[in-house]
Amino acid sequence: MSGPVRRIEVPAFAKLNLTLKVLHKRADNYHELRTVFQTISLHDTIEVEFRESNQRSIALESTVEIPGNIVLRAAELILDEMGSGAEIRFRLTKRIPMGGGLGGGSTNAAAVLLALPKLARRPVHPDRLLQIAAILGSDVPFFLSGGTALGLSRGEELYPFPEPAQSYGLLITPGIHVSTPEAYRALQREASSGDLHRAIPGFQAMGWIAGGCMPAANWGGFCQNDFEPVVIARYPELGEMRQKLMRQGAGVARMSGSGSSLFGFFGSEAQAAAALAEWPADQARLFHTVSRVEYESAWSQAFAG
Ligand code: C5P
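Rules and cut-offs
Residues numbered from 1 in each chain as written. Predicted model: local features only at pLDDT ≥ 70, side-chain atom pairs only at ≥ 80, totals over all residues. Heavy atoms only, no water. Near = heavy atom within 4 Å. Polar contact = N/O pair within 3.5 Å; in protein donor to acceptor, adjacent residues only side chain to side chain. Areas by Shrake-Rupley, 256 points an atom, 1.4 Å probe, with all protein chains shown as cover. Helix = DSSP H or I, 4+ residues; strand = E, 2+ residues; numbered from the N terminus. Buried < 20%, exposed > 50% of the residue type's maximum accessible area, 1.4 Å probe, protein only. 1 Å grid on protein atoms, 1.4 Å probe; cavity = no way out; pocket = protein on both sides within 12 Å on 5 of 7 lines; lining within 4 Å. Points joined across faces, edges and corners; volume = space filled by probe spheres on them. Nonpolar A, V, L, I, M, F, W, Y, C, P; charged D, E, K, R; others polar. Axes fitted to C-alpha atoms, helices over the stretch in contact; angles between N-to-C directions. Left-handed = near helix turned anticlockwise from the far one by under 90°. Contact = heavy atoms within 4.5 Å. Expected span 1.5 Å × (residues − 1). Core = buried A, V, L, I, M, F, W, Y, C linked by side-chain atoms within 4.5 Å. Salt bridge = Lys/Arg side-chain N within 4 Å of Asp/Glu carboxyl O.

In the vicinity of the ligand, the contacting residues are Asn-29, Tyr-30, His-31, Leu-33, Gly-137, Ser-138, Arg-154, Thr-180, Pro-181 and Tyr-184. The side chain of Ser-138 places a nitrogen or oxygen atom 2.5 Å from an oxygen atom of the ligand. At 3.3 Å from a nitrogen atom of the ligand is found a main-chain nitrogen or oxygen belonging to Arg-154. When the ligand is considered free in solution it has 450 Å² of accessible area, and contact with the protein chains removes 72% of it.

On to unusual backbone geometry, then. Backbone torsion omega between Gly-259 and Ser-260 reads 10 degrees, so that peptide bond is classified as cis. Position of Ser-260 among the secondary structure elements: in the loop between β8 (252-255) and β9 (262-266). Backbone geometry at Asn-29 places phi at a positive 75 degrees, although glycine is not the residue there. By secondary structure assignment, the location of Asn-29 is in the loop between β1 (2-25) and β2 (31-53). The phi dihedral of Ser-153 falls on the positive side, at around 60 degrees, and the residue is not glycine. Inspection of the secondary structure assignment puts Ser-153 in the loop between β5 (148-152) and β6 (157-160). The exposure class of Ser-153 is buried, given its relative accessible area of 12%.

So, on to the layout of surface pockets. Computed from the structure, the largest pocket encloses a volume of approximately 1100 Å³. If you go around the largest pocket, you meet 45 residues; those closest to its centre are Ser-106, Asp-139, Thr-180, Pro-181 and Tyr-184. Listing elements by their share of the lining of the largest pocket, those giving two or more residues are β1, β2, α1 (70-82), α2 (104-120), α3 (126-136) and α4 (180-187). Considering only residue class, the lining of the largest pocket consists of 18 nonpolar, 20 polar and 7 charged. Looking at the second largest pocket, its volume works out to about 450 Å³. Looking at the lining of the second largest pocket, the elements that each hand over two or more residues are α2, α3, β6 and α10 (292-304). The residue inventory of the lining of the second largest pocket, partitioned by class, reads 17 nonpolar, 2 polar and 5 charged.

α3 packs onto α1 with a crossing angle of 145 degrees between their chain directions and a minimal axis gap of 10 Å. For the element pair α1 and α3, the recorded crossing hand is right-handed. When α1 is examined against α3, the residues Ile-70, Arg-73, Ala-74, Leu-77, Ile-78 and Glu-81 are found in contact with a partner set consisting of Arg-128, Leu-129, Ile-132, Ile-135 and Leu-136. Classifying every residue of the contact of α1 with α3 by side-chain character gives 8 nonpolar, no polar and 3 charged.

This paragraph deals with α2. Taking 1.5 Å as the rise per residue, α2 with 17 residues should run 24 Å; its terminal C-alpha atoms sit 25 Å apart, in good agreement. The element α2 is largely enclosed, with a buried count of 16 among its 17 residues. Once α2 ends, the next one or two residues include Arg-121, with phi positive near 55 degrees.

What follows deals with the nonpolar core. Membership of the largest hydrophobic core comes to 45 residues, with the highest contact counts inside it found for Ile-46, Val-48, Ile-88, Phe-90, Leu-113, Leu-116 and Val-140. Those elements that provide at least two residues to this core are β1, β2, α1, β4 (86-93), α2, α3 and α10. Here the element with the most residues in this core is α2; it accounts for 10 residues. Apart from residues no more than four positions distant in its own chain, Ile-46 is found in contact with Ile-8, Glu-9, Val-10, Ala-12, Phe-90, Arg-91, Leu-92, Asn-108 and Ala-111. Membership of the second largest hydrophobic core comes to 26 residues, among which are Ile-172, Ile-176, Leu-187 and Ala-253.

Scanning the model with the defined rule gives 19 salt bridges in all. Across the salt bridge formed by Glu-32 and Arg-34, the nearest N and O atoms sit 2.9 Å from each other. Comparing Glu-32 with Arg-34, the two get one shared label, buried. Arg-234 is paired through a salt bridge with Glu-182; the nearest N and O atoms lie 3.6 Å apart.

Encoded structure:
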């Protein structure tokens, strides 16, 4: 028995870590984080063709091969949760570089977790969605709601964070694949972080002082990334690119996640566009921040269309 075919095309936005502190190594070998995630306009597009069925078949066509097939694993897990069989075809148009610290695989997985219950008309409770997302990867839960969010624990414990005013920036994707587990190992974090309260006052100040109406270019010294020293030591050209963004007038220039992507926030779209002209076309693009409301409305529009 098969039902009607339902089709949908959804966006899967990239993220930046506006700030990222890696505290101690935990008993489960993950690291305890304090981070602020932010969705940005760069996005992949996923077309889903869905038909309820007694059989389960899942096919994926992608413009770029995705390591570990996180899209298929997400589909399996959410179908298990819904207890439904289905014939599904995914067509993925990739624009977010993989292994760049932009959450390229994680955002695709979250899009699948959001889309399939809607297509199947079998809602899954947000608690369960968050749990399933965390099984797929530490960054996946964030993409269930997007916007600006505080990430604790291994990044999967999330709370809304004061959002910057819409902010414009330049994203640099140098084409260097940084292995996330290796970047964590290079930090050589101990099992205990000592006094946590001494480690994070700057982080707390970001929420109290920087957040809210100011654009991200004014968040300046609040934006940090603990991976930068170790990753830039290995790839000094990333440090030079960050310096170039600063020379161009970026208010903030940082690496995202464990790299290698870098972002610079500028005072206006025009300033970001002027800076873009001085980069090789295949390495740089403009972006703007995507707030939680914009993120939700992109999803509602996809389902209204
Ligand atoms: O959770 P995810 O699969 O994305 O993590 C990839 C790898 O990154 C983990 O296997 C671990 O080595 C490292 N990691 C970590 N601490 C975190 C998140 C990731 O050590 N908070």
